Amino acid sequence: MCIKNKKGELLMQTVSKKEKLLPIFLNKNVDMKKEMLAGLTTFLTMAYIIAVNPNILSSTGMPAGALVTATCLSAAIASILMGLFANLPFALASGMGLNAYFAYTVVGQMGVSWEVALTAVFIEGIIFIVLSLFKVREAVVNSIPKNMKLAVTGGIGLFIAFIGMVNAGLVVANESTMVELGKFTPAVIISIIGLIIIAVLDKKRVRGAILWGILISAIIGWGYALINKEAAANLGIYLPTGIFKFEGIGEIAGKVDLVNAFSAENIKMFITVVFTFLFVDFFDTVGTLVGVCSKAKMLDDEGNVPNAGRALLVDAVGTTAGALLGVSTVTTYVESSTGVAAGGRSGFTAITTGVLFLIAMLFSPIFIAIPSCATAPALIYVGYLMLGAVKEIDFDNITEGVPAFLTIAAMPLTYSIGNGLTLGILSYVIINLLYNLIFARKKEEKVKVSWIMYVLAIIFILKIAFL
């Protein structure tokens, strides 16, 4: 294996079989303290899923207690695999949005049993494993132009900042204007305090500034709950109800129902559900990998995600394993960007997050009690950090700048990374195709667009037309 030194000179490195299989062992002189702190930071910004996922999925009739354990276990397995097999600082868990589609649309509106819904997730995971092994997903990731990758980073930044503001209560719904400024409740004030703490500590280059912001905000929130329990509860702030608690998963694990899924009366609906899971998960994951790697300056010289094939394979395996354990689609989390912002650069960050999810199975009352107003400042601040990528986009080039802008704007405004990527790629292909056909008179003036981008555009058009 060839690598470059700081001067750009090629050096030879002997890689053992162990290092080829598990590239995490290639890490040399890793700052383990920083990696573990980054993993803890990622975990704390993701910990809400321990409470939210069971709350959503239990509406299908699945037992909430078992869902807490399955949520933690699936996240732990996938995150540890990501660290070991891909050596990337990305954590995984049941995806928000996909869990709501699973519970409220597939089971709630379509009347599908949760066992058949889990089967759809399982089949989606199998398809993704095949696509990953044949490097289809990796080819898609690497075909996205550099300016679009930077736009994805900025778009994700705005998206997670918006999530943070909503979680804090700083932004609320309004029927007339869609959104508006929320009231300055104690929860909003706690979030603002947390954001100020993170900004000041980061300015002073204090290690773990984001983590300190989360912890101090949580302590303030719990203090408020001690003073006024009822008012705090109305704002979603609760004191821990205990320390230890563990629930078995026997009621939901291994409940994949292939017989009913492929029955004559269900097959058409089942295929639609599988395709929807497949589409949303595919492009949310692609967007997350590209955006977070870009922000962390982890892209290679050609603008590609390192170990993308391995990362996408882990994502697919995580989804398949999650379905067998009893939870909806497991996907790479954009909140991983908080750990990256805290200095995480290797798989040890993801492994740390995974181990903490295992511990959380035993201490879930404490982690569940961290209020959203305490994690919101981290999301807002990381959003600010990620938005900085847009300064490197070539906005003077209209054929690059307009698609980049649409990508950035659509992610928060449609509340979906996948939708932003859809509109961005569609506009990129259409604008550049028309430019090449009508205005580029010389060969050197034509914009090079990968054939994969054209295929994606066709798929997106079919998706918009039929889904």
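The name given to the protein in an unreviewed UniProt entry is Putative permease, with Clostridium celatum DSM 1785 as the source organism. Looking at the protein in UniProt, the text filed under Subcellular location (unreviewed entry) is "Cell membrane".

(A) Inspection of the packing of helix α4 (residues 64–86) against helix α16 (residues 347–368) at higher detail. Close contact between α4 and α16 brings their axes to 7 Å; oriented N to C, the two are set at 165 degrees. With respect to α16, the axis of α4 lies roughly antiparallel. For α4 against α16, the interelement crossing comes out left-handed. In contact with V68, T69, C72, L73, A75, A76, S79, I80, M82, G83 and L84 of α4, α16 contributes G347, A350, I351, G354, V355, F357, L358, A360, M361 and S364.

(B) Region of interest: a nonpolar patch on the surface. On the surface, L181, F184, I189, I192, I193, I196, V200, V206, W212, L215, I216 and I220 cluster together into a nonpolar patch covering about 1000 Å² of accessible area. Elements that contribute at least two residues to the nonpolar patch include exactly α9 (186–203) and α10 (209–227). Considering every element that reaches the nonpolar patch, the biggest residue donor is α9, with 5 residues. Within the secondary structure layout, I189 lies in helix α9.

(C) Expanded view of the pairing of strand β5 (residues 178–181). Pairing between strand β4 (residues 171–174) and β5: 4 bridges, direction antiparallel. Across the sheet, V172 pairs through a bridge with E180, a residue of β5. Hairpin remark: β4 followed by β5, antiparallel, with 3 residues in the connecting loop.

(D) Seen up close, helix α7 (residues 136–143). Residues of α7 that are buried include every one of R137, V140, V141 and S143, and no others. Considering only its buried residues, α7 is in contact with α6 (114–133), α8 (146–168), α13 (267–295), α14 (308–325) and α20 (451–466).

(E) Layout of the packing of helix α18 (residues 398–414) against helix α19 (residues 417–439). Axis separation between α18 and α19 bottoms out at 7 Å; the angle between their running directions is 160 degrees. Regarding the angle of α18 to α19, the classification is roughly antiparallel. Considering only the axes of α18 and α19, their crossing is right-handed. Residues T399, E400, V402, P403, L406, T407, A410, M411 and T414 of α18 pack against I417, N419, G420, L421, L423, G424, S427, Y428, I431, N432 and Y435 of α19. Among the residues making up the contact of α18 with α19, the classes are represented as 11 nonpolar, 8 polar and 1 charged.

(F) View of unusual backbone geometry. In this structure, M178 is a non-glycine residue whose phi angle is positive, near 75 degrees. Looking at where M178 falls in the secondary structure, it is placed in strand β5. Residue N307 is not a glycine yet carries a positive backbone phi of 55 degrees. Within the secondary structure layout, N307 lies in the loop between α13 and α14.

(G) Spatial organisation of the pattern of salt bridges. What the rule picks out here adds up to 1 salt bridge. Of the charged contacts, one joins E138 and K135 as a salt bridge, the two residues approaching to 3.7 Å between their closest N and O atoms.

(H) Summary view of the packing of aromatic side chains. On inspection of all chains with the given rule, the structure shows 10 aromatic pairs. Ring geometry for F159 versus Y415: centroids 5.3 Å apart, planes at 75 degrees, classification edge-to-face. With F159 in helix α8 and Y415 in the loop between α18 and α19, this residue pair connects regions lying 256 residues apart in the sequence. The partly exposed category is assigned to Y415, whose relative accessible area is 44%. These aromatic residues form a ring-pair network of at least three members: Y101, F102 and F277. Stacked on the ring of F85, the Lys or Arg R310 has its end atom at 4.4 Å from the ring centre.

About the criteria used
Residues numbered from 1 in each chain as written. Predicted model: local features only at pLDDT ≥ 70, side-chain atom pairs only at ≥ 80, totals over all residues. Heavy atoms only, no water. UniProt positions renumbered as here; feature names shortened; annotations may be inferred. Axes fitted to C-alpha atoms, helices over the stretch in contact; angles between N-to-C directions. Helix = DSSP H or I, 4+ residues; strand = E, 2+ residues; numbered from the N terminus. Parallel < 35°, antiparallel > 145°, perpendicular 65-115°, else oblique. Left-handed = near helix turned anticlockwise from the far one by under 90°. Contact = heavy atoms within 4.5 Å. Patch = residues over 30% accessible without salt bridge, like charges linked within 9 Å, V, L, I, M, F, W, Y side chains within 5 Å. Areas by Shrake-Rupley, 256 points an atom, 1.4 Å probe, with all protein chains shown as cover. Salt bridge = Lys/Arg side-chain N within 4 Å of Asp/Glu carboxyl O. Pairing = 2+ DSSP bridges. Buried < 20%, exposed > 50% of the residue type's maximum accessible area, 1.4 Å probe, protein only. Nonpolar A, V, L, I, M, F, W, Y, C, P; charged D, E, K, R; others polar. Phe/Tyr/Trp six-rings, centres within 6.5 Å; stacked < 30°, edge-to-face > 60°. Lys NZ or Arg CZ within 6 Å of the ring centre and 35° of its normal.

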